[in-house]
Amino acid sequence: MAIERTFSIIKPDAVAKNNIGAIYNRFETAGLKIIASKIVHLSKEQAEGFYAEHSERPFFGALVAFMTSGPIMVQTLEGENAVLAHREILGATNPADAAPGTIRADFAESIDENAAHGSDSVESAQREVAYFFSTEELCPRTR
Ligand code: GDP
Ligand code: MG
């Protein structure tokens, strides 16, 4: 099994509902270790840059407005097959399609406000981790 790093966001809806701790518990229960974490309130430019791959999609404006509507928690997670393991506990993009017991099934209301983000590949994870964290801010576990 490969030890990977992935990137997670707890989105403004879930932060507003005080679900940070409950979602962190899901990460830890799944064996994913938080090696960097902070709360931030994105500017419009930061949100547009993070979601640049979606800039031509019809929902882009709504996505940027939502992601700047309040603080978010951003974290780097480390563990065995972390990218896929994290996507599995996250659930489908639309919470209506998310498997029971997943983060989006349990904490999200709609596809517009779907509680959390997870990198979709190792390559995306590298880019997304670097978008928010310097190398010095990553603290791999030593015990
Ligand atoms: P993810 O990787 O599961 O987060 O999904 P995508 O990368 O396809 O989309 C990124 C984010 O854009 C999603 O998590 C949603 O917040 C948002 N999004 C995706 N599809 C739609 C849509 O049809 N309408 C709206 N309003 N937002 C969407
Ligand atoms: Mg995505």
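Criteria and cut-off values
Residues numbered from 1 in each chain as written. Chains lettered and ligands numbered in written order. Predicted model: local features only at pLDDT ≥ 70, side-chain atom pairs only at ≥ 80, totals over all residues. Heavy atoms only, no water. UniProt positions renumbered as here; feature names shortened; annotations may be inferred. Helix = DSSP H or I, 4+ residues; strand = E, 2+ residues; numbered from the N terminus. Contact = heavy atoms within 4.5 Å. Phe/Tyr/Trp six-rings, centres within 6.5 Å; stacked < 30°, edge-to-face > 60°. Buried < 20%, exposed > 50% of the residue type's maximum accessible area, 1.4 Å probe, protein only. Near = heavy atom within 4 Å. Polar contact = N/O pair within 3.5 Å; in protein donor to acceptor, adjacent residues only side chain to side chain. Areas by Shrake-Rupley, 256 points an atom, 1.4 Å probe, with all protein chains shown as cover. 1 Å grid on protein atoms, 1.4 Å probe; cavity = no way out; pocket = protein on both sides within 12 Å on 5 of 7 lines; lining within 4 Å. Sits in = over half its atoms within 2 Å of the grid points. Nonpolar A, V, L, I, M, F, W, Y, C, P; charged D, E, K, R; others polar. Points joined across faces, edges and corners; volume = space filled by probe spheres on them.

Per an unreviewed UniProt entry, the recorded name for the protein is Nucleoside diphosphate kinase, and the organism is Shewanella hanedai. In its Subunit (unreviewed entry) section, the UniProt entry covering the protein states "Homotetramer." Checking UniProt for the protein, the heading Cofactor (unreviewed entry) contains the comment "Mg(2+)".

Trainee: Help me understand the environment of leucine 90, please; the structure alone is not making it clear to me.
Mentor: Within the element layout of this structure, leucine 90 appears in helix α5 (residues 82-90). For the pair leucine 90 and glutamate 28, spaced 62 residues apart in the sequence, the C-alpha separation amounts to 13 Å. Not counting the four nearest positions on each side in its chain, leucine 90 is found in contact with Thr102, Ile103, Arg104, Ala116, His117 and Gly118.

Trainee: What is the right way to look at the packing of aromatic side chains in this model?
Mentor: Each pair of aromatic rings is reported with the distance of its centres and the angle of its planes. For the structure shown, the criterion picks out seven aromatic pairs. Seen from their ring centres, phenylalanine 7 and phenylalanine 132 are 5.2 Å apart, and the 10° between their planes marks the pair as stacked. In this pair, phenylalanine 7 sits in strand β1 (residues 3-10) while phenylalanine 132 sits in helix α7 (residues 122-132), placing the two residues 125 residues apart along the sequence. The buried category is assigned to phenylalanine 7, whose relative accessible area is 0%.

Trainee: Sorry if this is basic, but what is going on with the site of ligand 1 here?
Mentor: Around ligand 1, the surrounding shell consists of Lys11, His54, Phe59, Leu63, Arg87, Thr93, Arg104, Ile111, Asp112 and Asn114. With respect to ligand 1, the side chain of arginine 87 contributes an N or O atom lying 2.9 Å from an oxygen atom. Here ligand 1, which alone exposes 550 Å², has 80% of that area covered by the protein. Counting atoms within 2 Å of the grid points, the majority share of ligand 1 lands in the largest pocket. The residue makeup of the shell around ligand 1, split by class, is three nonpolar, three polar and four charged.

Trainee: Can you walk me through the UniProt feature "active site" (unreviewed entry) in the protein in this structure?
Mentor: What UniProt calls "active site" (unreviewed entry) maps, in this numbering, to His117. Inspection of the secondary structure assignment puts histidine 117 in strand β4 (residues 116-118). Accessibility expressed as a relative area gives 10% for histidine 117, which makes it buried. Discounting chain neighbours no more than four positions away, the residues touching histidine 117 are Phe7, Ser8, Ile9, Lys11, Phe50, Tyr51, His86, Leu90, Arg104 and Glu128.

Trainee: Could you clarify how one ought to interpret the layout of surface pockets in this entry?
Mentor: Once rolled over the atoms, a probe with the size of a water molecule shows which space is left empty. Approximately 540 Å³ is the volume attributed to the largest pocket. Lining the largest pocket are 21 residues, and of these His54, Phe59, Leu63, Thr93 and Asn114 sit closest to its centre. Of all the secondary-structure elements, those providing two or more residues to the lining of the largest pocket are α4 (60-67), β4 and α7. Taken together, the residues that form the lining of the largest pocket break down as six nonpolar, seven polar and eight charged. In this structure, the second largest pocket encloses a volume near 160 Å³. Going through the elements one at a time, β1 and α7 are the ones with two or more residues in the lining of the second largest pocket.

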